[in-house]
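Fold and contact review
Chain by chain, the residues:
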Amino acid sequence: MREMPEINHCIPNRNAFWCAKCYVHSQFYCETESDGTARYSCRECDFAMFLPGQIVPWKNGLLLGTLLLGLFGLFRLPHEMMTYWQWSPACLAFAGFFGLIGGMMWFHMRNYSQWAASQRLKSNSELEKEANEFAASPYYEMSDEFDKWAAQFLSETELLQLHERFDCRKRKTVSKPSDELELPPLED
Ligand SMILES: [Zn+2]
């Protein structure tokens, strides 16, 4: 049994980061790249994760760009054989570059769609069983990264309730007095 039954990371969610290696919405860690963009990697396998709902327009745009640049490059190539300014090699090079990235996105997105389709055929109890038995079961912690991950599946109130549940459990198990200043609970 996983420690957070509130979240089932085996249920497809287009707005949650997905790991193309683990085939699940696993927990992530976030790093900022040199150009300032955030990179989300899977805690289980370190593979870069992606948002299925966000990747589709990029994938379509890149593949359309590949097609247009490729066609233009191929069309211009015979005309430019004898001239100095040759656009076609540049167009074909960009088409190849866009095609490579777009193709990679298409491949991962296809895997996600196939996984999502197969998950949707399963019953709720099957999905619960899968989440409970999944090797990389998510775990609770107090961090911004955890909140960001959990907020993909829970509303603000549900997330607060989750924290309260773990906070209560901690208070029950830890009998050591805290050094921090704490106001006594208001009770009459
Ligand atoms: Zn992974």
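This section reports on the structure supplied with the text. Everything numeric in this text was worked out from a predicted model, so none of it was measured. (Residues numbered from 1 in each chain as written. Predicted model: local features only at pLDDT ≥ 70, side-chain atom pairs only at ≥ 80, totals over all residues.)

1. Observations concerning the overall build of the chain
Going by this rule: Comment: elements are numbered from the N terminus, with helices defined as DSSP H or I runs of at least four residues and strands as E runs of at least two. A residue is called partly exposed when the number of other C-beta atoms within 10 Å of its own lies between 12 and 20, exposed at 12 or fewer, and buried at 20 or more, with C-beta atoms placed from the backbone. Contact between two residues is assigned whenever their backbone-derived C-beta positions fall within 7 Å.
Secondary structure assignment for the chain yields 5 helices and 2 strands. In sequence order, the secondary structure elements of the chain are arranged as β-β-α-α-α-α-α. By the burial criterion, 16% of the 188 residues in the chain qualify as buried. Intrachain contacts of the chain at a sequence separation of at least 6 include 62% that bridge at least 24 residues.

2. Regarding the nonpolar core
We count it as follows: By convention the nonpolar core is taken to be a set of buried residues drawn from Ala, Val, Leu, Ile, Met, Phe, Trp, Tyr and Cys and joined through C-beta atoms within 7 Å.
Grouped together as the largest cluster of nonpolar side chains are 12 residues: C10, A16, F17, W18, C19, V24, F28, C42, M49, Y112, A131 and W149. When sequence neighbours within four positions are dropped, the list of residues in contact with W18 reads H25, M49, F50, P52 and Y112. Grouped together as the second largest cluster of nonpolar side chains are 5 residues, L62, C91, A95 and F98 included.

3. Brief notes about unusual backbone geometry
Across the chain, the bulk of peptide bonds are trans and the bulk of non-glycine residues have phi less than zero. The backbone of Y23 sits at a positive phi, close to 55°, despite the residue not being glycine. Using a count of 16 C-beta atoms within 10 Å as the deciding quantity, one classes Y23 as partly exposed. Positive phi is not limited to glycine here, since D46 has a value of about 70°. When you line up the elements, D46 lands in the loop between β2 (38-42) and α1 (52-80).

4. Observations regarding the pairing of β2
Put simply, the rule reads: Any two strands with at least two DSSP bridges between them are considered paired.
Bridge analysis of strand β1 (residues 28-32) against β2 gives 5 bridges, and the strand direction is antiparallel. Paired with C30 across the strands is Y40, a residue of β2. Joining the antiparallel neighbours β1 and β2 is a turn of 5 residues, in which G36 adopts a positive phi near 95°.

5. Focus on the environment of A93
Within the secondary structure layout, A93 lies in helix α2 (residues 88-120). Distance in space between the C-alpha atoms of A93 and G70 is 8.6 Å, their sequence separation being 23 residues.

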